[in-house]
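Examination of the molecular architecture
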Amino acid sequence: MMNKPKFEQVYDFENIYQSAKEVLSGKRFLPHELYLSYNLESVLINIQNNLIWRTYEPSPYSNFYVHDPKLRLISAPGLIDRIVQTAVCRVIEPYIDSRLDFDSYACRDGKGTLKAAERCAHFINRPDCKYYLYFDIRKFFESVPIFKLEEIYKNFVTDDEGILWLLHKIFMNECNGVGLKKGCRTSQLSANIYLNELDFYLRHNLHCKHFEHYMDDYLIFDSDLRRLEELKYEIPEFLKTLYLGLNEKTRIGESAAGICFVGYKIMPDYKLVKKITMNRQKRDVKAWVNGRIADDELYAKLASRYGHCQGTASYKWISEELLKILHEKLTNR
């Protein structure tokens, strides 16, 4: 059995060095990245000393908005802060991963949206999963109270004072005591740890045998429609203990009719990529044709999208659409 994480593991020089390699992977072209790469040893020693003596102070975030598809505020930590966050996550993640629910699919090795969609298809085809309950937590990241999150860390992850001190520093950076910053690696890890309280309640208190979730999007399957109706009212009561609530997207439906989940329309025999994803590809390729985005940016977008489409009935359509646009560009030269 793995021992609980210790602060000494976080500020171990090898751990900080591997964290820096991970953060700098595929970068080193911006001035601050070049500076860090050139002065790597002295910078890492300074990080280590700040952690040992507990003089570390996070820098202000770089805040910006993205439309994906709705408006989201992203708070990107500075390079040094990313190394520190990676260092603490590298220590906590191996310990905590085996303690999380099997059917939690966000931000975990060997999981992800495709695995979540495959699991959903598995449930849909089970005779005891005739109906489903879908619910989504209202403004989840913005609603997590730091005091409750730190209490869960202390009880469930580690009582090491050094790690708890460092996490408090990270959580409270530009925070009034409520909310996790989107864009931080520690926020992704903390979201899984916080929602594990709900997972445990569903699995062991409400005895839900068949459920899964990707971050705060949940699906519960059952053959008893009345039971799902009861859960629809029982779950919000428990969420109050976590200072969370459900939004208006909660619904109950028949599994055989298909389920929209993690970017797919999942049917009993096949999966489709949601129309919004296809429209994004059209928009990106046309922007590239008109010279509004560079080749490298298009390649990165297409690689991500084709990975998302693997194993779906939409893969052929997306490939044909791309070939059609490329053919038009070449013939119009």
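For the structure itself, consult the block above.
Described below are features of the structure shown in this document. What you are looking at is a predicted structure, and each value in this text was computed from that prediction instead of being measured. (Residues numbered from 1 in each chain as written. Predicted model: local features only at pLDDT ≥ 70, side-chain atom pairs only at ≥ 80, totals over all residues. Heavy atoms only, no water.)

1. Describing the sheet that holds strand β4 (residues 210-214)
Put simply, the test is: Strands pair, by our definition, only if DSSP identifies at least two bridges between them. Helix numbers and strand numbers start at the N terminus; a helix is a DSSP run of H or I with at least 4 residues, a strand a run of E with at least 2. To define axes, lines are fitted to C-alpha atoms, for helices over the stretch in contact only, and angles between the resulting N-to-C directions are given on a 0 to 180 degree scale. Whether two residues are in contact is decided by their heavy atoms: any pair within 4.5 Å suffices.
The four strands are arranged β4-β5-β3-β6 in an open sheet whose pairing can be described as antiparallel. At either end of the open sheet lies a strand with only one pairing partner, and these are β4 and β6 (251-254). The sheet shows a mean angle of 20 degrees between the axes of neighbouring strands, direction not considered. By the bridge criterion, four bridges tie strand β3 (residues 131-136) to β6 in an arrangement that is antiparallel. Its bridge partner being in β6, Tyr132 is matched across the sheet by Gly253. Contacts between helix α11 (residues 225-239) and the sheet are confined to β3, β5 (217-222) and β6, with β3 contributing the most and set at about 15 degrees to the helix.

2. A look at the side chain of Glu212
Under the convention used in this document: Note on exposure labels: buried denotes an accessible area under 20% of the residue type's maximum, exposed denotes more than 50%, and partly exposed covers the range between, all computed with a 1.4 Å probe on protein chains only. Two residue types count as positive, namely Lys and Arg, and two as negative, namely Asp and Glu; His and chain ends fall outside the count. Salt bridges, as used here, are contacts in which a Lys or Arg side-chain nitrogen is within 4 Å of a carboxyl oxygen on Asp or Glu. We define a polar contact as two N or O atoms separated by no more than 3.5 Å, with the added condition that, inside protein, one atom must be a possible hydrogen donor and the other a possible acceptor, whereas residues neighbouring each other in sequence contribute only through side-chain atom pairs.
Among the secondary structure elements, Glu212 is positioned in strand β4. There is no salt bridge for the buried Glu212, and the closest opposite charge comes from Arg119, which lies 6.0 Å off by N-O distance. Here Cys120 takes part through its backbone nitrogen, which lies 3.1 Å from a polar atom of the side chain of Glu212. The residues contacting Glu212, other than those within four sequence positions of it, are Asp103, Tyr105, Ala116, Arg119, Cys120, Phe123, Asp217, Tyr218, Leu219 and Phe261.

3. What to know about the side chain of His210
Along the chain, His210 turns up in strand β4. Here Asp128 takes part through its side chain, which lies 3.1 Å from a polar atom of the side chain of His210. Aside from chain neighbours lying at most four places away, what touches His210 is Phe123, Arg126, Asp128, Cys129, Leu219, Ile220 and Phe221.

4. Overview of the nonpolar core
The cut-off we apply is this: Only buried residues count toward a nonpolar core. Its members are Ala, Val, Leu, Ile, Met, Phe, Trp, Tyr and Cys residues joined through side-chain atoms within 4.5 Å.
One finds Leu51, Tyr153, Leu166, Ile220 and Ile235 to be the most contacted residues of the largest nonpolar core, which totals 68 residues. Of all the elements, helix α5 (residues 79-97) adds the most residues to this core, at ten residues. Ignoring any residue separated from it by four or fewer positions in sequence, one finds Tyr153 in contact with Ile92, Thr158, Leu164, Leu167, Phe171, Thr186, Leu189, Ser190 and Ile193.

5. Considerations on the pattern of salt bridges
Should their charged atoms come close, side chains of opposite charge can pair. For the structure shown, the criterion picks out 14 salt bridges. With its nearest N and O atoms 2.7 Å apart, the salt bridge here joins Arg203 to Asp101. Here Arg203, found in helix α10 (residues 185-205), pairs with Asp101, found in the loop between α5 and α6 (113-124); they are 102 residues apart in sequence, far enough to count as distant. For Arg203, a relative accessible area of 21% gives the class partly exposed. What makes Asp101 buried here is its relative accessible area of 11%. Residues Glu151 and Lys148 are paired through a salt bridge, measuring 3.5 Å at the closest nitrogen-oxygen approach. Placement of both Glu151 and Lys148 in helix α8 (residues 146-157) is noted, with a separation of three residues, approximately one turn of the helix. With a relative accessible area of 37%, Glu151 lands in the partly exposed category.

6. Topic: the environment of Leu30
Among the structural elements, Leu30 can be located in the loop between α2 (13-24) and α3 (31-38). Along the chain, Leu30 and Ile83 lie 53 residues apart, while their C-alpha atoms are 16 Å from each other.

7. Thoughts on α6
Put simply, the test is: Expected span of a helix: the number of residues minus one, times 1.5 Å. The arc under discussion is defined with respect to the helix axis, by the directions toward the C-beta atoms.
Relative to the 16 Å expected for twelve residues at 1.5 Å per residue, α6 spans 16 Å between its end C-alpha atoms, a close match to the ideal helical length. Buried within α6 we find Ala116, Ala117, Cys120, Ala121, Phe123 and Ile124. On an axial view of α6, the arc spanned by its buried residues comes to 160 degrees, and they lie on one face. Tucked inside the fold, the buried residues of α6 contact β4, β5, β7 (259-261), β8 (264-266) and β9 (271-273).

8. Let's talk about the environment of Leu302
Relative to the assigned elements, Leu302 resides in helix α13 (residues 295-309). On the basis of relative accessible area, Leu302 is assigned to the buried category, the value being 11%. The spatial distance from the C-alpha of Leu302 to the C-alpha of Ala116 is 21 Å, given a sequence separation of 186 residues.

9. Details of helix α4 (residues 40-52)
Over its 13 residues, α4 extends 18 Å from the first C-alpha to the last, a length consistent with the 18 Å expected when each residue adds 1.5 Å. Looking only at α4, the buried set comprises Val43, Leu44, Ile47, Gln48 and Leu51. End-on view of α4: buried residues confined to an arc of 135 degrees, all on one side of the axis. Along its buried surface, α4 packs onto α1 (7-10), α2, α3, α5 and α9 (161-171). At the exit of α4 stands Arg54, carrying a positive phi of roughly 55 degrees.

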